[in-house]
Amino acid sequence: MIYLLEDDDNIRNFVIYALNNSGLEAKGFSHPNEFWTALKKQQPELLLLDIMLPDEDGISILQKLRKQSETKNLPVIMLTAKTTEYDKVVGLDSGADDYVAKPFGMMELISRIKAVLRRTVKTENEEYICGKLYVCPEKHIIKADGEDVTLTLKEYEILLIFLKNMNRVYTRDELMTKVWGYNFDGESRTVDVHIKTLRTKLGECGKYIETVRGIGYRMKDKGEQT
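The structure displayed is predicted, hence computed values, not measured ones. (Residues numbered from 1 in each chain as written. Predicted model: local features only at pLDDT ≥ 70, side-chain atom pairs only at ≥ 80, totals over all residues. Heavy atoms only, no water.)

J.: Can you break down the pairing of strand S7 (residues 133-136) residue by residue, with the values?
T.: Pairing of strand S6 (residues 128-130) with S7, which is carried by three bridges, proceeds in the antiparallel orientation. Within the sheet, the bridge partner assigned to Cys130 lies in S7 and is Leu133. The antiparallel hairpin formed by S6 and S7 contains two residues in its connecting segment, where Gly131 sits at a positive phi of about 60 degrees. Where S7 meets strand S8 (residues 141-144), four bridges bridge the pair, whose relative direction is antiparallel. Residue pairing in the sheet places Tyr134 in a bridge with Lys143 of S8. Two successive antiparallel strands, S7 and S8, enclose a turn made up of four residues, where His140 displays a positive phi of approximately 55 degrees. (Pairing = 2+ DSSP bridges. Helix = DSSP H or I, 4+ residues; strand = E, 2+ residues; numbered from the N terminus.)

Listed below in structure tokens is the structure:
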């Protein structure tokens, strides 16, 4: 999912239409408040961010994203009518991954997006450590409190989602869609059952997976519980 924060209706609608038709799922927002609300529900793979916005400018938004642990590594491409070298330097120094000046061609923008995603995508040879839990996807090693753990494919996929997005709350529907590839009404209990068995298999490390009442589940960083 790609987010576009752009207050110009014509530009926003055109870019979203072009991205969706090119196979890149995208959503557009005209106001910073709309973007922040959406970000709480779902974090995108990349953000296209205009500088000149109502109430809050793009540079300020970028700086906030870089200060938050959940979004500090979110790929961001700045979109702006400002083309001076100073403006580009400010954007890049604030943490932007790339800078595209208006007017721009869609072929160029799509190429830039794909290039940034290639540079920033996480590889599966990373190791994840959360308290006494250790996971190495490349070698498919799972250890809880030093003991080897055997998981089913779905349990393993759920665990990786949590480890890759520490502290992010996932609803049952989101987990169903990500792990099973679809959502079907009345079967959210399937997620609950898998979470329960996953916690059991992880032993004491199972407590790192926290139930957020009325919403879903998350894994707390370093296993710290509220």
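J.: So what about helix H6 (residues 153-164)? Which residues, and what values?
T.: When the terminal C-alpha atoms of H6 are compared, their 16 Å separation across 12 residues agrees well with the 16 Å that a helix rising 1.5 Å per residue should span. Every buried residue of H6 is listed here: Glu155, Tyr156, Ile158, Leu159, Leu160, Ile161, Phe162 and Leu163. (Expected span 1.5 Å × (residues − 1). Buried < 20%, exposed > 50% of the residue type's maximum accessible area, 1.4 Å probe, protein only.)

J.: Please give an account of the pattern of salt bridges that cites residues and values.
T.: Within the structure shown, the criterion is met by 13 salt bridges. Two residues, Glu108 and Arg112, come together in a salt bridge whose shortest N-O distance is 3.1 Å. Separated by four residues within a single helix, Glu108 and Arg112 lie in helix H5 (residues 106-120), roughly one turn from each other. Using a relative accessible area of 26% as the deciding quantity, one classes Arg112 as partly exposed. Among the salt bridges present, the one from Asp145 reaches Lys132, with a minimum N-O distance of 4.0 Å. Of this pair, Asp145 sits in the loop between S8 and strand S9 (147-148) while Lys132 sits in the loop between S6 and S7, placing them 13 residues apart in sequence. Judged by its relative accessible area of 52%, Lys132 is exposed. (Salt bridge = Lys/Arg side-chain N within 4 Å of Asp/Glu carboxyl O.)

J.: Describe the packing of aromatic side chains, with residues and values.
T.: Tallying each qualifying case throughout the model produces five aromatic pairs. Arranged with centres 4.9 Å apart and planes meeting at 80 degrees, the rings of Tyr3 and Phe29 form a pair that is edge-to-face. Taken as a pair, Tyr3 in strand S1 (residues 2-5) and Phe29 in strand S2 (residues 26-29) lie far apart in primary sequence, 26 residues in all. Judged by its relative accessible area of 1%, Tyr3 is buried. Phe29 sits in the buried class, given a relative accessible area of 10%. Through a chain of ring-to-ring contacts, the aromatic side chains of Tyr3, Phe29, Phe35 and Trp36 assemble into a single cluster. Above the ring of Tyr170, the side-chain terminus of Arg168 is found at 4.1 Å from the ring centroid. (Phe/Tyr/Trp six-rings, centres within 6.5 Å; stacked < 30°, edge-to-face > 60°. Lys NZ or Arg CZ within 6 Å of the ring centre and 35° of its normal.)

J.: So what about helix H8 (residues 189-202)? Which residues, and what values?
T.: Taking 1.5 Å per residue, 14 residues should reach 20 Å; H8 reaches 20 Å between its end C-alpha atoms and fits that length. Val191, His194, Ile195, Leu198 and Leu202 are the residues of H8 that are buried. Angular distribution of buried residues about the axis of H8 spans 100 degrees; they occupy a single face of the element. Residues of H8 that are exposed and point over 90 degrees away from its buried face: Arg189, Lys196 and Thr200. Considering only its buried residues, H8 is in contact with S7, S8, H6, helix H7 (172-180), strand S11 (209-212) and strand S12 (216-219). (Arc of directions from axis to C-beta. Contact = heavy atoms within 4.5 Å.)

J.: I'd like a description of the state of the cysteines, backed by residues and values.
T.: Applying the stated criterion to the full structure yields zero disulfides. No disulfide involves Cys130; its sulfur sits 7.8 Å from the nearest other cysteine sulfur, which is in Cys205. Cys130 sits in the buried class, given a relative accessible area of 0%. (Disulfide = S-S within 2.5 Å.)

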